[in-house]
Amino acid sequence: MDSENACKKINLYEQIADELEAEIIAQHYEDGRLPSEFQLAEQFNVSRTIIREAMKLLRERDLIDSKVGSGAYITKPEAQYLSSAVARIVRTNYISYAEIYDVRSILEREAAQKAALYVQEPEFAQMESCLAKLKDYSLTPEERREYDFAFHLAIAKASRNNLLVMLIEAMSTTIKDVIDFSSLVEGSIDDGIQRHGLILRALREHDPVLAGHMMYDHIYHSKQKCLQYFELKSTQPEKL
């Protein structure tokens with residue numbers, strides 16, 4: 001097969017995948033199940049091989065889940081599954097840690113302001129549980145970053161803005177990375193615990209201005225700790 005025909009074939013299954021994605025988003029398939037490969041091949045007047053390639057692409061996009069002997073069913077992509085892809089994009093495009101913190105500040109300050117208006121007791125209980133865990137100095141770095149991120153995610157969920165939650169979840173791997181680095185600087189753990197407490201207090205007062213300010217202040221100081229870590233690391237001699 002020459003390259004021109006190969007490109008046409010590739011473009012064809014991509015086009016079919018795009019059309020099916022549009023139909024899925026428009027909730028064209030009310031029963032949550034796609035037609036069979038045979039039916040789709042007839043619908044698009046292509047071979048079943050082309051349909052299989054289109055279906056593979058839809059699976060990669062997290063839009064369908066194929067069950068052997070049953071067919072393809074529509075799924076909803078989960079934001080946290082995008083986190084590793086976002087982390088790869090950040091790394092391969094050499095996005096700086098300062099830029100990551102700037103985006104965190106934009107998203108999480110807004111989340112805190114909204115959460116102050118809508119937060120309820122079950123969410124307070126979750127935040128307080130995370131904060132209590134963070135006060136345990138025997139935590140491993142991995143455990144600490146998980147509880148730290150869970151505290152911030154609980155605030156995002158309390159904002160009642162689903163897209164905001166999805167964006168923060170999609171950045172989860174990257175956010176956890178900077179949490180790790182900032183926590184390696186002396187005094188950062190105590191500082192983080194104190195600032196988490198101030199955020200929680202502002203939310204308890206249902207003060208959106210204060211909550212936003214406390215979140216901004218926390219992320220700003222965390223950013224300084226992260227940058228300090230890399231500055232210290234760059235001045236340390238290499239070990240033999």
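Residues numbered from 1 in each chain as written. Predicted model: local features only at pLDDT ≥ 70, side-chain atom pairs only at ≥ 80, totals over all residues. Heavy atoms only, no water.

## Some remarks on empty space enclosed by the protein
Counting across every chain of the model gives 1 cavity of 30 Å³ or more. One number sums up the size of the largest cavity: a volume of about 230 Å³. Along its surface, the largest cavity is lined by 19 residues, and D148, S182, S188, G192 and H218 are the ones closest to its centre. Within the residue set of the lining of the largest cavity, elements represented by two or more residues are helix 7 (141–158), helix 9 (172–182), helix 10 (188–204) and helix 11 (208–235). Its residues assigned to classes, the lining of the largest cavity shows 4 nonpolar, 9 polar and 6 charged. (1 Å grid on protein atoms, 1.4 Å probe; cavity = no way out; pocket = protein on both sides within 12 Å on 5 of 7 lines; lining within 4 Å. Points joined across faces, edges and corners; volume = space filled by probe spheres on them. Helix = DSSP H or I, 4+ residues; strand = E, 2+ residues; numbered from the N terminus. Nonpolar A, V, L, I, M, F, W, Y, C, P; charged D, E, K, R; others polar.)

## Some details on the environment of L198
Positionally, L198 belongs in helix 10. When the C-alpha positions of L198 and D62 are compared, they lie 39 Å apart, and in sequence the two are 136 residues distant.

## As for the nonpolar core
Within the largest apolar cluster, 41 residues are counted, with the highest numbers of intra-cluster contacts made by M127, F151, I155, I168, I199 and L203. When contributions to this core are tallied by element, the ones reaching two or more residues are helix 5 (97–118), helix 6 (121–134), helix 7, helix 8 (162–170), helix 9, helix 10 and helix 11. Ignoring any residue separated from it by four or fewer positions in sequence, one finds I155 in contact with A111, A112, A115, M127, I199, L203 and M215. With 20 residues, the next largest nonpolar core counts A17, L40, M55 and L63 among its residues. (Core = buried A, V, L, I, M, F, W, Y, C linked by side-chain atoms within 4.5 Å. Buried < 20%, exposed > 50% of the residue type's maximum accessible area, 1.4 Å probe, protein only. Contact = heavy atoms within 4.5 Å.)

## What to know about the side chain of E23
Note on placement: E23 falls in helix 1 (residues 3–25). For the buried residue E23, which engages in no salt bridge, the nearest side chain bearing the opposite charge is R61, 12 Å off. Non-local contacts of E23, meaning those with residues more than four positions away in its chain, are made with H28, Y29 and Q43. (Lys, Arg positive; Asp, Glu negative; His and termini not counted. Salt bridge = Lys/Arg side-chain N within 4 Å of Asp/Glu carboxyl O.)

## Things to note about the pattern of salt bridges
Scanning the model with the defined rule gives 16 salt bridges in all. Note that K223 and D102 form a salt bridge whose closest N and O atoms lie 3.1 Å from each other. On the criterion of sequence distance, the pair formed by K223 in helix 11 and D102 in helix 5 is long-range, its members being 121 residues apart. You can call K223 buried: its relative accessible area is 17%. You can call D102 partly exposed: its relative accessible area is 39%.

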